[in-house]
Every structure is written in C-alpha cells, then in structure tokens.
Amino acid sequence: MRNRPSRLFLNVMGVLVLLIGLAACGGEPSQAAGRDEPLRVGYQRFGALTLVKARGVAPDVSWSLFESGPAATEALKAGSIDLAYTGEAPPIFAAAGRIDFKIISTSEEVPQGEAVLVKENSGIDGFDDLKGKSIALNKGSNVHWLLVRLLEKHGMSIDDVNVKYLKPAEGRPAFDSGQVDAWIIWDPYFALAEQPGVKVLADATGLAGNREYLLASPKALETKSAQIEKLLKQLRETTDWGIAHPKERAQAMAPELKIPEDVAERALARSARPIAPVNAGIGAELQRIADGFTALKLIPGKVDIAGRVDDRFSEVLT
C-alpha cells in the first residue's frame, strides 16, 4: 500500500504553489508592494503640484506639505516621502548632504518668481546699497543662488553683506519689523509681501532660471514607476490647463495657498510655467550652480549634480 503524503510535505507544497501564483500575478514582491502603496509626494504652497492637489486629479496620492525645498529633501532622506518638489538650489545642497535621489522633471524658467525686497523709505536704491547691510533668506533654497548671482553681478562677495538665514515664516516678520534691511523671497510669499511701502529691488531675470524640480527616491523609481509616470502626466495636463485658464487656476489655488484670490492671481501670472523634461542641458545648468556654491565654500567640495538627472520620463513630459 502506497504511503500517504506527510502533513509537512503538503504544507511545503502549498507554500510553493502560493509563491508561484504571486510571481505570475505581480512579478517581484517589491514591485507588487509598491503598487499597493500610495505615492507619497512632498509639495510646497506653490508650484505646479499644488494645482494638481487643489483640483483633486490625483486622488491616489498621499500629500505632505513643506515650507521650503530643504525641508522636503530632508523628508526624502528620512524615507517619509517618495517625491520632493523644490527649486534649483535644494537638490544641490541635498546632494552635498549625501541624500540619494534622481531629478526626473523640471519647468521652464521662472525668473520673475523670486525677488529682493526692501522698504521704500530705506534709502536703498540698488543692490550695491546693501553692502554692509543685512539680508534675510532661506538657506539652501532657490533664493540662495539668486544672492550668489547678485553678488557676482555687482562685484561683491558674501562677506560684503550680513546674511541672516531665516525660513519664510521667520523672514517676513523680520523684514516687516526692520530687523533686516532686505528679504530675498519667492512666490507666493513674495506676492504677499508686496504691500504699500515695499519695493522690488531686483528679481532673477538674467541671473537665475529659478526652475522647479521634482526629485524621486531610487526606491520609488524601482517600485512605483508606473505611479510616478501617471502623476507626471497629470502634472503636465493640469499645468497646461492652468496656463490656459489663469482665472480658474487662481480660484482653485487660493484656498490651498491660504491667500486672497487676487494675490494668487498676481503671483501665478509671473510664476506659473509649463513643465519640461530634464536632459543633459538641465544637468549642465545645475552643475554650474553647484560649482558656484562649491567655489564660495557654501557646500563642502564638488558635487556631481549633473549625474542625478534621470530622463526616463521625458516622453510623458513633452
């Protein structure tokens, strides 16, 4: 008489059948897990991603709000988000801090979206007048590069001004109360600060591109590639819609930004630009910025930021 299979043998065979079935349905376990989890996106109170969130066209995305790009890249480092939306300087400081990421999309240039603000009665009529005076800005953000370019343009060094590293929520009261002589800031904080008695000393025109960038963690690129591609498509379509419908764009974004609609409309008119793919030219542009920070010893040593550019989603963005 033939022996019956042992219970252990049956259990083992059951596990093997289950594993084979999983492989047939979803490929590697890590890929299946990535599809089951929401795409975790770090955004700021401005930029193209805010419009995507405001219009509710990406319901399967988990959103995290950050006050600035450096804060978003820190969350990327901690693994609490998959994507981080920033300006041009945060990726460079993040790379210098050995944060692992790839740059997967950008925007057309937005030079009018950041500016140096001073008081009209300050007696400051040109950037040269800021020599020996205090300037507030967010360290490691897009405006940090604008300061560097302004100093170069006017033949000044970083030692010629007194830089106060303040986050936007700290910079505004410091500027309003006269604790600093100038504030370099981006929209929508820029638009909110455009009150009577405040003047724009300079913006980034001819000095800095002030592009927006989307950074992705390597793990997310491996396990959530399809979700990222879907979001980028939504980002491109929504951005194009907003540019074609400026009034409706401001109406949608004002509640999300928590600012009056007229302020949102003014800021968006100068700051909203089409999404663009990354390429070797974008990598070279970022590398020049990184080398500039290195030369001023604002970051330790040379950073290969051009090598962080990843153009795998170019077709979705064109």
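What comes next is a walk through the structure. (Residues numbered from 1 in each chain as written. Predicted model: local features only at pLDDT ≥ 70, side-chain atom pairs only at ≥ 80, totals over all residues. Heavy atoms only, no water.)

Section: helix α3 (residues 48-55)
The line we're drawing: With a 1.4 Å probe rolled over the protein chains alone, any residue whose accessible area is under 20% of its type maximum counts as buried; one over 50% counts as exposed, and the rest are partly exposed. Under the DSSP-based scheme used, a helix requires at least four consecutive residues in state H or I and a strand at least two consecutive residues in state E, with every element numbered from the N terminus.
Here α3 has its buried residues at Ala48, Leu49, Thr50, Leu51 and Val52. Immediately beyond the C-terminal end of α3, within one or two residues, lies Gly56, with a positive phi of roughly 65°.

A look at the pairing of strand β10 (residues 213-216)
Here is the rule we go by: Strands qualify as paired when DSSP identifies two bridges or more between them.
Neither face of β10 is open: one carries Tyr213 and Leu215, the other Leu214 and Ala216, and all of them are buried. As paired elements, strand β3 (residues 83-86) and β10 share four bridges and run antiparallel to each other. In the strand pairing of β10, Thr86 is matched with Tyr213. Alignment of strand β4 (residues 102-107) against β10, held across four bridges, turns out to be antiparallel. Note that in β10 the partner of Thr106 across the bridge is Tyr213.

Structural notes on the sheet that holds β3
Stated precisely, the cut-off is as follows: Contacts are assigned to residue pairs with any non-hydrogen atoms lying within 4.5 Å of each other. A fitted line through C-alpha atoms serves as each axis, taken over the contacting stretch for helices, and the angle formed by two N-to-C directions is quoted from 0 to 180°.
As summarised here, the arrangement of the six strands in space is β2-β1-β3-β10-β4-β11, forming an open sheet in which the pairing is mixed. Unpaired on one side and paired on the other, β2 (61-65) and β11 (275-276) mark the two borders of the sheet. By the bridge criterion, five bridges tie strand β1 (residues 39-43) to β2 in an arrangement that is parallel. Paired with Tyr43 across the two strands is Leu65, which belongs to β2. Contacting β1, β2, β3, β10 and β11, α3 crosses the sheet at an angle of about 125° to β1.

Brief notes about the nonpolar core
Inclusion rule: By convention a nonpolar core is built from buried Ala, Val, Leu, Ile, Met, Phe, Trp, Tyr and Cys residues, the set being connected through side-chain atoms within 4.5 Å.
Among the nonpolar cores identified, the biggest contains 63 residues, and Phe101, Leu117, Phe127, Phe293 and Ile305 are the most heavily contacted of them. Per-element accounting of this core gives the leading share, seven residues, to helix α6 (residues 142-153). Core analysis: the second largest hydrophobic core is formed by 24 residues, Leu39, Leu221, Leu232 and Phe313 among them.

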